[in-house]
Amino acid sequence: MTTPLLSVRNVVQEFTARGRGGVKGGVVHALSDVSFDLQAGETLGIVGETGSGKSTLARSILQAPRPKSGEVYFQGQDLMRRRSRDLTEARRQLQMVFQDPFASLNPRWRVSEIVAEPLVGYRVGNRDARVRELLDLVGLNPDTFASRRPHELSGGQCQRVAIARAIALDPALVVCDEAVSSLDVLIQAQVLNLFEQLRRELGLSYLFISHDLALVKQVSDRVAVMHLGQLCEIGPAEGLYRAPMHPYTVALLASIPKLDPGARGKKPVTLEGEPPSPISPPSGCRFHTRCPFAQDRCATEAPVLRELAPGHSVACHFPMPGE
Ligand SMILES: Nc1ncnc2c1ncn2[C@@H]1O[C@H](COP(=O)(O)OP(=O)(O)OP(=O)(O)O)[C@@H](O)[C@H]1O
Ligand code: SF4
Ligand SMILES: [Mg+2]
């Protein structure tokens, strides 16, 4: 197997939260011992409920802020061990597209200035031609759009500008955090097509984060499921959606009926109540307070990710049978 483009090893991220208005403060265990690899040219989807740590994972990979511990290898270099000023080249190769396209663009700048910004920062020459090329690539006619400002664009057009800016420096990996979540369905499909086209034409890899499981299935080669700061299942998208093995994944998939979770014939699992607080996560398996299959062992012993089918790993003492 070739060296992964990105290798995340035992990453831990914690925050200190002040208690207020009756809400308890303390250490937020936002990521606990998260490990996975991403191969060049691959799209890895990340799903999980709100607060499960998806955005924290994205930011921790980008070292903003640095994780508390662990290793993040990108193109063979451990980003955690590099000084901030030595991260410049990695930041060029590792770009991010956020949820709210309008908020991510400077409202006073023209589209041409927004797309040129990273080129200026990295002193890339021949910028006007490159900006035109990038706008063409993302499906915006440069003659029409280069001089516009964000308020003169639709949500989909704003996101295309954000994507042009993200690919300006020829990155190897683009991290998309809920990048199409605020767009309506038709525009979503167009932007997803654009991501796919850029993957083919530029050889990009994506970390595609979304709470929308149907969307993630559509774009991902593999999918990782997060629960309360941990990875509970990771595997090929096709197999994971057809026959999820972690009870949490089964419950997540069952919560979207049109996906047909592949849980037919199995005892239905429902996700009841709020997820526990990451300030005081449950002992043992963090899902045990909501898992209908929990046994005594689950409350005391934390399950580790085990490969139960080729490329398909699950952290559960009593996994579902799978395929
Ligand atoms: N800077 C911070 N300070 C304190 N707590 C934080 C901070 N950033 C994130 N958290 C907490 O870490 C946990 C994970 O948050 P995160 O934003 O990564 O979740 P998420 O999966 O992206 O959720 P969503 O689907 O809502 O975007 C949450 O409990 C959140 O409140
Ligand atoms: S380890 Fe136990 S509690 Fe956790 S998901 Fe598996 S069966 Fe449920
Ligand atoms: Mg988030």
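Predicted model, so just to flag it, every value in this text is computed and none were measured. (Residues numbered from 1 in each chain as written. Chains lettered and ligands numbered in written order. Predicted model: local features only at pLDDT ≥ 70, side-chain atom pairs only at ≥ 80, totals over all residues. Heavy atoms only, no water.)

**So, the site of ligand 2**
Lining the immediate environment of ligand 2, one finds 13 residues, of which Cys 285, Cys 291, Cys 298, Cys 316 and His 317 sit closest. In this structure the site holding ligand 2 corresponds to the largest cavity. Split into classes, the residues belonging to the shell around ligand 2 amount to 10 nonpolar, 3 polar and no charged. (Near = heavy atom within 4 Å. 1 Å grid on protein atoms, 1.4 Å probe; cavity = no way out; pocket = protein on both sides within 12 Å on 5 of 7 lines; lining within 4 Å. Sits in = over half its atoms within 2 Å of the grid points. Nonpolar A, V, L, I, M, F, W, Y, C, P; charged D, E, K, R; others polar.)

**Description of the pairing of strand S9 (residues 222-227)**
For S9, the tally of buried residues reaches 6 of 6 residues, placing the bulk of the element in the interior. With burial as the criterion, each face of S9 is covered, one bearing Arg 222, Ala 224 and Met 226 and the other bearing Val 223, Val 225 and His 227. The pairing of strand S3 (residues 43-47) with S9 spans 4 bridges and is classified as parallel. Considered in S9, the bridge of Ile 46 is made with Ala 224. Where S9 lies against strand S10 (residues 230-236), 6 bridges are found, and the strand directions are antiparallel. Across the sheet, the residue bridging to Val 225 is Glu 233, located in S10. Counted between consecutive antiparallel strands, the loop separating S9 from S10 contains 2 residues, among which Leu 228 sits at a positive phi close to 45 degrees. (Buried < 20%, exposed > 50% of the residue type's maximum accessible area, 1.4 Å probe, protein only. Helix = DSSP H or I, 4+ residues; strand = E, 2+ residues; numbered from the N terminus. Pairing = 2+ DSSP bridges.)

**Observations concerning empty space enclosed by the protein**
Counting across every chain of the model gives 2 cavities of 30 Å³ or more. In this structure, the largest cavity occupies an estimated 80 Å³ of space. Forming the boundary of the largest cavity are 13 residues, of which Pro 247, Cys 285, Cys 291, Cys 298 and Cys 316 lie nearest the centre. When the residues that make up the lining of the largest cavity are grouped by side-chain class, the tally is 10 nonpolar, 3 polar and no charged. Together, Ile 61, Leu 62, Gln 63, Leu 79, Leu 87, Ala 90, Arg 91 and Leu 94 line the second largest cavity. Here the lining of the second largest cavity is built from residues that sort into 6 nonpolar, 1 polar and 1 charged. (Points joined across faces, edges and corners; volume = space filled by probe spheres on them.)

**A closer look at the side chain of Arg 286**
Along the chain, Arg 286 turns up in the loop between helix H10 (247-254) and helix H11 (296-300). Buried charged residue Arg 286 carries no salt bridge. Nearest counter-charge: Glu 14, at 7.4 Å. Separated by 2.8 Å, the side chain of Arg 286 and the backbone oxygen of Leu 228 make a polar contact. When sequence neighbours within four positions are dropped, the list of residues in contact with Arg 286 reads His 29, Ser 32, His 227, Leu 228, Gly 229, Gln 230, Pro 276 and Pro 281. (Lys, Arg positive; Asp, Glu negative; His and termini not counted. Salt bridge = Lys/Arg side-chain N within 4 Å of Asp/Glu carboxyl O. Polar contact = N/O pair within 3.5 Å; in protein donor to acceptor, adjacent residues only side chain to side chain. Contact = heavy atoms within 4.5 Å.)

**A short note on the pattern of salt bridges**
The final tally for this structure, using the stated rule, is 11 salt bridges. The partner of Arg 83 in a salt bridge is Asp 86, and the shortest N-O contact between them spans 3.4 Å. Here Glu 238 makes a salt bridge to Arg 242, at a shortest N to O gap of 3.4 Å. Residue Glu 238 and its partner Arg 242 are located together in helix H9 (residues 237-242), separated by 4 residues, close to a single helical turn. By relative accessible area, which is 51% here, Glu 238 ends up exposed.

**Some remarks on the site of ligand 1**
Taken together, 13 residues lie around ligand 1, and Thr 50, Gly 51, Lys 54, Ser 55 and Thr 56 are the ones closest in. Contact with the protein chains removes 64% of the 630 Å² of surface that ligand 1 exposes when unbound. For the shell around ligand 1, the secondary structure elements donating two or more residues are strand S2 (26-38) and helix H1 (54-61). In terms of residues, the shell around ligand 1 owes the most to one element, H1, which gives 4 residues. Grouping the constituent residues of the shell around ligand 1 by class yields 4 nonpolar, 6 polar and 3 charged. (Areas by Shrake-Rupley, 256 points an atom, 1.4 Å probe, with all protein chains shown as cover.)

**A look at the UniProt feature "domain: ABC transporter" (unreviewed entry) in the protein chain**
According to UniProt, the feature "domain: ABC transporter" (unreviewed entry) maps to residues 6-253 in the numbering used here. With 37% helix and 26% strand, residues 6-253 has its two end C-alpha atoms placed 27 Å apart. (UniProt positions renumbered as here; feature names shortened; annotations may be inferred.)

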